[in-house]
Amino acid sequence: MSRFEDTETAVTEKLRALKLKPDMTINLFDIGIPLNAAGFSQEEIMAVLAALEQDKIVAFSPGNRLRLVKPLP
């Protein structure tokens, strides 16, 4: 697996662990801090979140928050 795929898997698992449902928002720190501690850089995490936003799965919201637009794949 590539580093991007590893990061994508970690981000998706974290979002599932937070029991995020469509139209719910969470603070980006709820994802970033644990994943940084697990060895993923902020740039890697943001690259995955940007890809998920491009796929219209998540949307960045004001106040450093992330909103789930549709269910996770």
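Residues numbered from 1 in each chain as written. Predicted model: local features only at pLDDT ≥ 70, side-chain atom pairs only at ≥ 80, totals over all residues. Heavy atoms only, no water.

Things to note about the overall build of the protein chain
Note the following rule: In this text, helices come from DSSP runs of H or I with a minimum length of four residues, and strands from runs of E with a minimum of two, each type numbered from the N-terminal end. It is over C-alpha atoms that the radius of gyration is taken, and the globule rule equals 2.2 Å times the number of residues to the power 0.38. Each residue is assigned to one of three classes by its accessible area relative to the maximum for its type, calculated with a 1.4 Å probe on protein chains only: buried under 20%, partly exposed between the two thresholds, exposed over 50%. Whether two residues are in contact is decided by their heavy atoms: any pair within 4.5 Å suffices. With residues, only the protein chains shown are counted as cover, and all accessible areas are computed by Shrake-Rupley using a 1.4 Å probe. Neither His nor the chain ends contribute to the count of charged residues, in which Lys and Arg are positive and Asp and Glu negative. Taken as the charge centre is NZ of Lys, CZ of Arg, CG of Asp or CD of Glu, depending on the residue.
Each helix and strand counted, the protein chain has 3 helices and 3 strands in total. Shown N-terminal to C-terminal, the secondary structure of the protein chain runs as helices and strands in the order α-β-α-α-β-β. In terms of overall dimensions, the protein chain is globule-like: its C-alpha atoms have a radius of gyration of 11 Å, near the 11 Å expected for 73 residues. Overall, the protein chain is about 30 × 20 × 20 Å in size when its C-alpha atoms are taken along their principal axes. The buried share of the protein chain, reckoned over its 73 residues, is 32%. When contacts within the protein chain are restricted to residue pairs at least 6 apart in sequence, long-range pairs at least 24 apart make up 54% of them. A total accessible area of about 4,500 Å² is found for the protein chain, and carbon and sulfur atoms account for 56% of it. The protein chain carries 9 positive and 10 negative side-chain charges, and their two centres are separated by 9 Å.

Quick notes on the sheet that holds strand β1 (residues 25-27)
In plain terms, the rule: Pairing between two strands requires that DSSP report at least two bridges joining them. In this analysis, axes come from line fits to C-alpha atoms, helices being fitted only over the stretch in contact, and the angle between any two N-to-C directions falls in the range 0 to 180 degrees.
One open sheet holds the 3 strands; their spatial order is β1-β3-β2, and the pairing between them is antiparallel. Unpaired on one side and paired on the other, β1 and β2 (58-61) mark the two borders of the sheet. Sheet twist, expressed as the average angle between the axes of neighbouring strands with direction ignored, equals 30 degrees. Bridge count between β2 and strand β3 (residues 65-68): 4 bridges; the pairing is antiparallel. Within the sheet, the bridge partner assigned to F60 lies in β3 and is L66. Most of the contacts of helix α3 (residues 42-54) go to β2, to which it runs at about 115 degrees, and overall it touches β2 and β3.

Considerations on the environment of T9
Inspection of the secondary structure assignment puts T9 in helix α1 (residues 3-17). Exposure remark for T9: the relative accessible area of 33% places this residue in the partly exposed category. Through-space distance from the C-alpha of T9 to that of V48 is 9.4 Å; in sequence the pair is 39 residues apart.

Quick notes on the pairing of β3
What you see with β3 is a clean split: L66 and L68 sit on the buried side and R65 and R67 on the side with no burial. Relative to β3, β1 runs antiparallel, the two being bridged by 3 bridges. Bridging across to β3, T25 finds its partner in R67.

Here's the deal with the layout of surface pockets
Under the convention used in this document: Residues are said to line a cavity or pocket when one of their atoms sits within 4 Å of a point; the points come from a 1 Å grid over protein atoms alone, cavities being sets where a 1.4 Å probe fits but cannot get out and pockets being open sets with protein on both sides within 12 Å along at least five of seven lines. Grid points are joined across faces, edges and corners, and a volume is the space filled by probe spheres set on the points. Residues are grouped as follows: nonpolar covers Ala, Val, Leu, Ile, Met, Phe, Trp, Tyr, Cys and Pro; charged covers Asp, Glu, Lys and Arg; every other residue, Gly included, is treated as polar.
Computed from the structure, the largest pocket encloses a volume of approximately 190 Å³. Considering the residues around the largest pocket, the lining is formed by L28, F29, G32, I33, N36, Q42, I45, M46, L49 and N64. Elements represented by at least two residues in the lining of the largest pocket include exactly α2 (29-37) and α3. A breakdown of the residues in the lining of the largest pocket according to their chemical character gives 6 nonpolar, 4 polar and no charged.

Comments concerning the packing of α1 against α3
Our working definition: Any angle from 65 to 115 degrees is called roughly perpendicular, while one under 35 is roughly parallel, one over 145 is roughly antiparallel, and all others are oblique.
Close contact between α1 and α3 brings their axes to 9 Å; oriented N to C, the two are set at 75 degrees. It follows that α1 is roughly perpendicular to α3 by the angle criterion. The segment α1 lies against α3, with R3, F4, T7, E8, V11 and L15 engaging E44, I45, A47, V48, L49, A51 and L52. A breakdown of the residues in the contact of α1 with α3 according to their chemical character gives 9 nonpolar, 1 polar and 3 charged.

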